[in-house]
Amino acid sequence: MEKLVFATHNKNKLEEIRNILKDWDVVGLRDIGCETDIIEDADDLEGNAKIKANYVTVNYNLNCFADDTGLEVEALDGAPGVYSARYAGEGCSYHDNVVKLLDAMKGLTNRKARFRTVIALNINGEQHLFEGIVNGRILEEEHGIGGFGYDPIFQPDGYVETFAEMPMEIKNKISHRGKAVAKLAEFLNFLTNKS
Ligand code: ITT
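Here's what I pulled together on the structure shown here. (Residues numbered from 1 in each chain as written. Predicted model: local features only at pLDDT ≥ 70, side-chain atom pairs only at ≥ 80, totals over all residues. Heavy atoms only, no water.)

Across its 16 residues, helix α2 (residues 45-60) extends 23 Å between first and last C-alpha, which sits within 8% of the 22 Å expected from 1.5 Å per residue. For α2, every residue scored as buried is listed here: L45, G47, N48, A49, K52, A53 and V56. Residues of α2 that are buried in the fold lie against β1 (3-6), α1 (11-20), β3 (64-73) and β5 (112-123). Following α2 by one or two positions, N61 has its phi on the positive side, about 50 degrees. (Helix = DSSP H or I, 4+ residues; strand = E, 2+ residues; numbered from the N terminus. Expected span 1.5 Å × (residues − 1). Buried < 20%, exposed > 50% of the residue type's maximum accessible area, 1.4 Å probe, protein only. Contact = heavy atoms within 4.5 Å.)

Looking at where H128 falls in the secondary structure, it is placed in strand β6 (residues 126-138). Sequence-distant contacts of H128, that is, excluding residues within four places in its chain, are made with I119, A120, L121, I123 and F187. Side-chain polar atoms of H128 contact the side chain of E126, separated by 3.0 Å. (Polar contact = N/O pair within 3.5 Å; in protein donor to acceptor, adjacent residues only side chain to side chain.)

On to the site of the ligand, then. Around the ligand sit 19 residues, and of these K13, D68, D151, K171 and R177 come closest. In the environment of the ligand, an oxygen atom lies 2.8 Å from a nitrogen or oxygen atom belonging to the side chain of T8. About the coverage of the ligand: the protein hides 91% of its 600 Å² of free accessible area. Mapped onto the shell around the ligand, the elements with two or more residues apiece are β3 and α5 (176-194). Tallied by class, the residues present in the shell around the ligand amount to five nonpolar, seven polar and seven charged. (Near = heavy atom within 4 Å. Areas by Shrake-Rupley, 256 points an atom, 1.4 Å probe, with all protein chains shown as cover. Nonpolar A, V, L, I, M, F, W, Y, C, P; charged D, E, K, R; others polar.)

Further remarks concern the side chain of N122. Inspection of the secondary structure assignment puts N122 in strand β5. Judged by relative accessible area, N122 falls into the buried class, the value being 8%. Reaching out from N122, the side chain makes a polar contact with the side chain of Q127 at a distance of 2.8 Å. Sequence-distant contacts of N122, defined by excluding residues within four places in its chain, comprise A53, N54, T57, N63, C64 and Q127.

Here it is as structure tokens:
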């Protein structure tokens, strides 16, 4: 199996993606001895995904991809967006972010939101971008204990459960990252079959 680095320290994301890219030996940053916390200081998701993928390509010369995800809430003009990880401040927990968002949305009737993922793939000296979006709404309280991040308050359109109440396989099928990774997988299959 060909090795492909997923430039993340996030174990949840690594596990989710290994479940999707079953034909590849997907390894995380720690697996290649990279403990660096890569600074994601771009002002959009595309920029941050490129920063992380380029870091691995430049320093380790390995085929690599990175993703960046944001939760974009319509009534908050797209916030927390690119700041989703540190919405409640540097070093905050997932739960701090959820509490801050519920607070910011108190009394708002427009609960529409979407998760958006951008993946940057650096392979064979080229860079390719893939995007995945899932639309849904932010509930008024937390439901479920699965998943991570904002999952307990995000209900995807067409479902009565939040992401935190669904089996990972269902979330992966319909989620922002699932859709972006499906595009990535299709492209990787195309490359494999070509060679
Ligand atoms: P890396 O940069 O190390 O990959 P991260 O935790 O910063 O990991 P992202 O930049 O992709 O992850 O995502 C930013 C935040 O958005 C993340 O910290 C979560 O709070 C939230 N998030 C991302 N994907 C999510 C998902 O599938 N479900 C719920 N929340 C998610």
